[in-house]
Amino acid sequence: MPPKPKPSIETLTSAAAAAEYSSSVEAWGEGLAAQVGRLCRWAVANGGKFDCPKAEPPT
């Protein structure tokens, strides 16, 4: 599991740095959600009874 991005001091003083940090946190969260979805669908394919999220097409 990749570590959550850490904010820098610049995120407090620069709108561009804050936007970049926000974007990196969003991408990190989406990556984790995709991992959970893949694990869930694997578990269902192997007999598990779960309501898994649908696979999102890559962008």
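Computed from a prediction, not measured in an experiment: that's the story for all the values here.

Draft legend 1. Layout of the overall build of the protein chain. For the protein chain, the helix and strand inventory stands at two helices and zero strands. Taken along the three principal axes of its C-alpha coordinates, the protein chain extends 50 × 20 × 15 Å. Per-residue burial for the protein chain yields a buried fraction of 14% across its 59 residues. By sequence separation, contacts in the protein chain at least 24 residues apart represent 20% of the contacts at least 6 residues apart. Put simply, the protein chain shows about 5000 Å² of open surface, and 63% of that area lies on carbon and sulfur atoms.

Draft legend 2. How the structure looks around the state of the cysteines. Following the criterion strictly, the structure yields one disulfide and no others. Two residues, cysteine 40 and cysteine 52, share a disulfide whose sulfurs are 1.9 Å apart. Its S-S torsion of approximately -80° makes the covalent link between cysteine 40 and cysteine 52 left-handed. Of the two residues, cysteine 40 sits in helix H2 (residues 15-45) while cysteine 52 sits in the segment after H2, which places them 12 residues apart along the sequence. Exposure remark for cysteine 40: the relative accessible area of 15% places this residue in the buried category. A relative accessible area of 17% means that cysteine 52 is categorised as buried.

Conventions used here
Residues numbered from 1 in each chain as written. Predicted model: local features only at pLDDT ≥ 70, side-chain atom pairs only at ≥ 80, totals over all residues. Heavy atoms only, no water. Helix = DSSP H or I, 4+ residues; strand = E, 2+ residues; numbered from the N terminus. Buried < 20%, exposed > 50% of the residue type's maximum accessible area, 1.4 Å probe, protein only. Contact = heavy atoms within 4.5 Å. Areas by Shrake-Rupley, 256 points an atom, 1.4 Å probe, with all protein chains shown as cover. Disulfide = S-S within 2.5 Å.

Coordinates in, geometry out; function isn't part of it.
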